[in-house]
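# Observations on the three-dimensional arrangement
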Amino acid sequence: SKARTDGAQCTFLNIKDRVMVLGYTPMATNHRNKVDKESPGISMEPVMIKGWLAKEGSKGFTTGRFNNWNKRFFVMKKDRIVYYKDESLKDKKGDFQLETSSSVTEIPETYHKNLPTGVGNHFFQVNIRGRSTKLACDHETEKEKWMDGISTAILQLKSGSEKVKTGSDFSVHMPDRSILTSSVKTSNAKDVFLKVATTVSIQKGIQFFSLVKAYTTPDRLDFYNVFSERDNVADLGPYRLAFYRVISLKGKDDLSDPKLLMVEYSQTVRANLMFFEYEEKDAIELAALQLKVKEGTISSVTHTRGFLSENLHEYMPDSQLMRYGDNTEVTNQWEADILNRAADIESSKKSVNECMEEYIKKSQENVLYGCTFFEVSMIREEQDYAYILGVNSTGLHVIDRKTRALVVSFPYVSIMRWSRSSKKFNFTTQGENHWTMLTKQGEEINKFMGIYVRFLLDNKD
């Protein structure tokens, strides 16, 4: 679909209700209602409800079963509903965000025969963007409480009762390391995202981008967490606000838009240098293309031996530098090969844009292209070893954090099932091989996997 600047179809990468949210703040449930003077009959007090409900589970993606129901402890604050394993609120299982187009409806009794027994006798469903979530409770009063609360929250959204009046200036880090400063009326992530998207003027593929909370580790690796639409981007803490492409789907790349080309190129360069592993000849070719893009023109007078001696790390991947970076003979040869190949590219009369496109296309041959990367660790021989997990359209990829070497890749067709918790991400491959990864980002990993698996299923031949 075409990019919209009015927000009507901004789906935040089409991963609505599947992106990470900020932590839950405990609330009081007893309050007096205020009535909006401009919208009589609509309570202006933020909706706050919590209690046990049964929820229909995923259709086989994470459990391997269909129509499974689970008891969950639900917490609703304003227009967001979060559900947990129990009342301790420590193990979050999911969430969904209400919108002006959302609705809540009873499930007709004629349909009850298709619903399970033992989960509650009173059923209703929440409808968000064509996706229905079926819920059940034990008592009619409980059902009415939840349905009334959800209806009120939707009406509040429609009446604009949650508008923020104060403006804010935000500094957004772009993939090319530039910083975009923009003034936005609210600190709502969706509003900031739309302003950034409009400013950078990307016409195609904007649905694959997002605002993220980015951070750099002591070993110079960049990671990020995705904002959901209604998160407050002002509460960054130790993170920096950034604008990244976070979803890459095979066959969906359109580099005819110069702005999209520049963003995609810049982000690919950073991923290549930090995470990718290449044969030496491929790394040299990519470095030469990068040098041509950066310099514009390659001169036999300027670009001679010694030109890259102080910044070779900006062109060669960490995986190569970690192996041979201390060998002067090897690094001198790298520099000579890069300069010679860049001179050949200059002689071919390729434009800067053509070099960026070629760089991207060569990078797409790497199994890690388009990955979102996560910090994970695994226990081996009673010791905790650090790894990086990449998630992209082809599957899961495990990288040795110390050497940046690719350890193993798991295509989605080989993954039989997976699960996550607040501290772990688990998956089982063909042959009943079990993998357990220690991470605080299990929920985020699960969400990205869900996006790609659904895409593969929707485009299955």
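Below you will find a few notes about this structure. All values reported here derive from a predicted model rather than from experimental measurement. (Residues numbered from 1 in each chain as written. Predicted model: local features only at pLDDT ≥ 70, side-chain atom pairs only at ≥ 80, totals over all residues. Heavy atoms only, no water.)

### A word on helix α2 (residues 189-200)
Let me state the cut-off plainly: Only runs of H or I of at least four residues qualify as helices and only runs of E of at least two qualify as strands under DSSP, and these elements are numbered from the N terminus. For a helix, the expected span equals 1.5 Å multiplied by the residue count minus one.
Along its 12 residues, α2 runs 16 Å from first to last C-alpha, staying within 8% of the 16 Å computed at 1.5 Å per residue. Positive phi shows up at S201, right after α2, with a value of about 60°.

### A look at the nonpolar core
Which entries qualify depends on this criterion: Nonpolar cores were defined as sets of buried Ala, Val, Leu, Ile, Met, Phe, Trp, Tyr and Cys residues, with membership established by side-chain atoms within 4.5 Å. Only protein chains enter the area calculation, which uses a 1.4 Å probe; residues under 20% of their type maximum are buried, those over 50% are exposed, and those in between are partly exposed. By definition in these notes, contact holds between two residues if any of their heavy atoms fall within 4.5 Å.
Counting 41 residues, the largest nonpolar core has F275, L291, M316, I338 and F373 as the members making the most contacts within it. Of all the elements in the fold, those that place two or more residues in this core are α3 (258-275), α4 (280-295), α6 (328-347) and α7 (352-363). Apart from the residues lying within four places of it in its own chain, the contact partners of L291 are G296, I298, F307, L308, Y315, I338, L339 and A342. Grouped together as the second largest cluster of nonpolar side chains are 32 residues, A214, Y224, W418 and V453 included.

### A word on the packing of α3 against α7
Where we set the bar: Orientation is described by axes fitted as lines to C-alpha atoms, over the contacting stretch for helices, and by angles from 0 to 180 degrees between their N-to-C directions. The cut-offs work like this: below 35 degrees is roughly parallel, past 145 is roughly antiparallel, 65 to 115 is roughly perpendicular, and the gaps in between are oblique. Rotating anticlockwise by less than a right angle from the far helix to the near helix defines a left-handed crossing, while the corresponding clockwise rotation defines a right-handed one. Polarity classes work like this: nonpolar for Ala, Val, Leu, Ile, Met, Phe, Trp, Tyr, Cys and Pro, charged for Asp, Glu, Lys and Arg, and polar for all others, with Gly in that last group.
Relative orientation of the contacting elements α3 and α7 amounts to 50°, with a least axis distance of 10 Å. With respect to each other, α3 and α7 are oriented oblique. Considering only the axes of α3 and α7, their crossing is left-handed. Mapping the contact onto sequence places L261, M262, E264, Y265, T268, V269 and N272 in α3 and N353, M356, E357, Y359, I360 and S363 in α7. Across the contact of α3 with α7, the residue classes tally to 7 nonpolar, 4 polar and 2 charged.

### Details of helix α8 (residues 442-458)
Across its 17 residues, α8 extends 24 Å between first and last C-alpha, which sits within 8% of the 24 Å expected from 1.5 Å per residue. Of all 17 residues in α8, 13 are buried, a share of seventy percent or more.

### Overview of the pairing of strand β18 (residues 424-429)
Note on strand geometry: in a regular strand, side chains alternate between the two faces of the sheet. Worth spelling out the cut-off: A strand pair is defined by DSSP finding two or more bridges across the two strands.
Where strand β17 (residues 415-420) lies against β18, 5 bridges are found, and the strand directions are antiparallel. Residue pairing across strands places R420 opposite F425, the latter belonging to β18. In textbook terms, the turn of a hairpin is the stretch between consecutive antiparallel strands, and for β17 and β18 this stretch comprises 3 residues. With 6 bridges joining them, β18 and strand β19 (residues 433-438) adopt antiparallel strand pairing. Looking at the pairing, F425 lines up with M437 of β19. In sequence, β18 turns back onto β19 through a hairpin of 3 residues, with G431 there showing a positive phi of about 90°.

### Description of unusual backbone geometry
A positive phi is found at L89, a non-glycine position, where the angle reads about 65°. Its location among the elements puts L89 in the loop between β3 (80-84) and β4 (92-97). Looking at L89, the relative accessible area reads 24%, which means it is partly exposed. At R404, a position not held by glycine, the phi torsion is positive, near 65°. R404 gets classed as buried once you look at its relative accessible area, which sits at 2%.

### A closer look at the pattern of salt bridges
Stated precisely, the cut-off is as follows: In what follows, salt bridge is the name for a side-chain nitrogen of Lys or Arg lying within 4 Å of a carboxyl oxygen of Asp or Glu.
Counted by the stated rule, this structure contains 26 salt bridges. The salt bridge partner of D219 is R404, with a shortest N-O separation of 4.0 Å. Linking D219 in the loop between β10 (209-216) and β11 (222-226) with R404 in the loop between β15 (395-400) and β16 (406-411), this pair joins segments that are 185 residues apart in sequence. Look at D219 and you get partly exposed, because its relative accessible area is 27%. Close ionic contact of R404 with D318 constitutes a salt bridge, the shortest N to O distance being 2.8 Å. Of this pair, R404 sits in the loop between β15 and β16 while D318 sits in helix α5 (residues 318-324), and the two are 86 residues apart along the sequence. Each of D219, R220, D318, E375, R401 and R404 takes part in salt bridges that share partners, so that together they form one network.

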